[in-house]
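What follows is the residue order along each chain.
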Amino acid sequence: MSVKRGYKICLVGDMNVGKSSIVHRFVRNSFSEEKTSTLAAAFFEKELSVNGETVKMCIWDTAGSEKYRSLTPLYFRGADGIVLVYDITDEKSFLNLRTEWIPSIRMRTDTNMALVVVGNKLDLEKTGRVVPSDEARGYADLLNAIFFETSAKTGENVERIFTQLALKIRETKPTSNEENEFERSVIQIPPSSLNSDKDIPDPSKRRRAHSKCTC
Ligand SMILES: Nc1nc2c(ncn2[C@@H]2O[C@H](COP(=O)(O)OP(=O)(O)OP(=O)(O)O)[C@@H](O)[C@H]2O)c(=O)[nH]1
Ligand SMILES: [Mg+2]
């Protein structure tokens, strides 16, 4: 089956909410209890079959750390879909979607951006939940976003984030990222930012390294 579309997806949210764990579960079907904070961003690819069509998901897993906050928009600009992650056991991470992440996204992307709100660490529901499902679902509805609660630890609902997002992108952008739109979403990092931290990956170089990616 040939790959026809590539969708650029970006995960954002506070530190430790489980963005990398969600991506690792989705791409490698693995999970680690260890805390390994992402430096700036990490890139992953995975093909998905959506309604009989193969779609390549090109995923930027960004860092939640304040240190990299000013760089995150460089990764979600030009994205086809954004996954906003909070931790159901950490109220601040949910409040920050409203006060920080959504305003930052709204300032820099078009209002039709396909969004998913994800409450992660569902396996801790019985002992640690502080964000009620209804409240988070209500907020997602206001944003016209898809809503899931997930556990990267058990894998619950993780794949559904990406399949539902791919379907939503296809509905809203039926011709998004065909081969001839390859250059559309090249990310430019200002040289001044690159000089400030050697750990920061240059997304445009990364894209060249993954030259088969169509997004
Ligand atoms: N119980 C439980 N722990 C999780 C889950 N997802 C992630 N964790 C743990 O939460 C911690 C942080 O996970 P990460 O995936 O590194 O979080 P992150 O959002 O990528 O963090 P930054 O890269 O710093 O922004 C790790 O110790 C994970 O093992 C989950 O679904 N359930
Ligand atoms: Mg991470």
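The structure under discussion appears in the preceding block.
The following paragraphs examine the structure supplied in this document. (Residues numbered from 1 in each chain as written. Chains lettered and ligands numbered in written order. Predicted model: local features only at pLDDT ≥ 70, side-chain atom pairs only at ≥ 80, totals over all residues.)

1. Focus on the site of ligand 1
Part 1: Around ligand 1 lies a shell of 24 residues, among which Gly-18, Ser-20, Ser-21, Thr-38 and Gly-64 are the nearest.
Part 2: Counting residues per element, the shell around ligand 1 draws most heavily on helix H1 (residues 19-28), at three residues.
Part 3: When grouped by side-chain class, the residues that make up the shell around ligand 1 number five nonpolar, twelve polar and seven charged. (Near = placed C-beta within 6 Å. Helix = DSSP H or I, 4+ residues; strand = E, 2+ residues; numbered from the N terminus. Nonpolar A, V, L, I, M, F, W, Y, C, P; charged D, E, K, R; others polar.)

2. A word on H1
Part 1: Counted residue by residue, H1 has seven buried out of ten residues, so it is predominantly covered.
Part 2: Listed in full, the buried residues belonging to H1 are Lys-19, Ser-20, Ser-21, Ile-22, Val-23, Arg-25 and Phe-26.
Part 3: Within two residues after H1, Asn-29 carries a phi angle of roughly 50°, on the positive side. (Buried ≥ 20, exposed ≤ 12 C-beta atoms within 10 Å, placed from the backbone.)

3. Comments concerning the environment of Ile-102
Part 1: Inspection of the secondary structure puts Ile-102 in helix H3 (residues 91-108).
Part 2: In contact with Ile-102, not counting residues within four places along its chain, are Leu-97 and Leu-143. (Contact = placed C-beta atoms within 7 Å.)

4. Overview of H3
Part 1: Over its 18 residues, H3 extends 25 Å from the first C-alpha to the last, a length consistent with the 26 Å expected when each residue adds 1.5 Å.
Part 2: The largest bend in H3 comes to about 50°, at Leu-97.
Part 3: Among all positions of H3, only Ser-93, Phe-94, Leu-97, Trp-101, Ile-102 and Ile-105 are buried. (Expected span 1.5 Å × (residues − 1). Bend = angle between axes of the 7 residues up to and from the residue.)

5. Focus on the environment of Cys-10
Part 1: Relative to the assigned elements, Cys-10 resides in strand E1 (residues 3-12).
Part 2: Given 28 C-beta atoms within 10 Å, Cys-10 falls into the buried group.
Part 3: When the C-alpha atoms of Cys-10 and Leu-115 are compared, they prove to be 9.9 Å apart, with 105 residues separating the residues in sequence.
Part 4: Not counting residues within four places of it along the chain, the set of residues in contact with Cys-10 comprises Trp-60, Thr-62, Tyr-75, Phe-76, Ala-79 and Ile-82.

6. Quick word on the environment of Val-23
Part 1: Here Val-23 lies in helix H1.
Part 2: It is 8.1 Å that separates the C-alpha atoms of Val-23 and Ile-59, two residues lying 36 residues apart in sequence.

7. Some details on the nonpolar core
Part 1: By size, the foremost hydrophobic cluster in this structure holds 53 residues, and its most contacted members are Ile-82, Val-83, Leu-84 and Val-116.
Part 2: Considering every element that reaches this core, the biggest residue donor is helix H6 (residues 158-172), with six residues.
Part 3: Setting aside residues up to four positions removed in sequence, Val-83 forms contacts with Ile-9, Leu-11, Val-116, Val-118, Ile-161 and Leu-165. (Core = buried A, V, L, I, M, F, W, Y, C linked by C-beta atoms within 7 Å.)

8. Here's the deal with the packing of H1 against H6
Part 1: Two elements in contact, H1 and H6, have axes whose closest approach is 9 Å; the angle formed by their N-to-C orientations is 85°. Considering their axes alone, H1 and H6 lie roughly perpendicular with respect to each other. The segment H1 lies against H6, with Ile-22, Arg-25 and Phe-26 engaging Val-158, Glu-159 and Phe-162.
Part 2: Its residues assigned to classes, the contact of H1 with H6 shows four nonpolar, no polar and two charged. (Axes fitted to C-alpha atoms, helices over the stretch in contact; angles between N-to-C directions. Parallel < 35°, antiparallel > 145°, perpendicular 65-115°, else oblique.)

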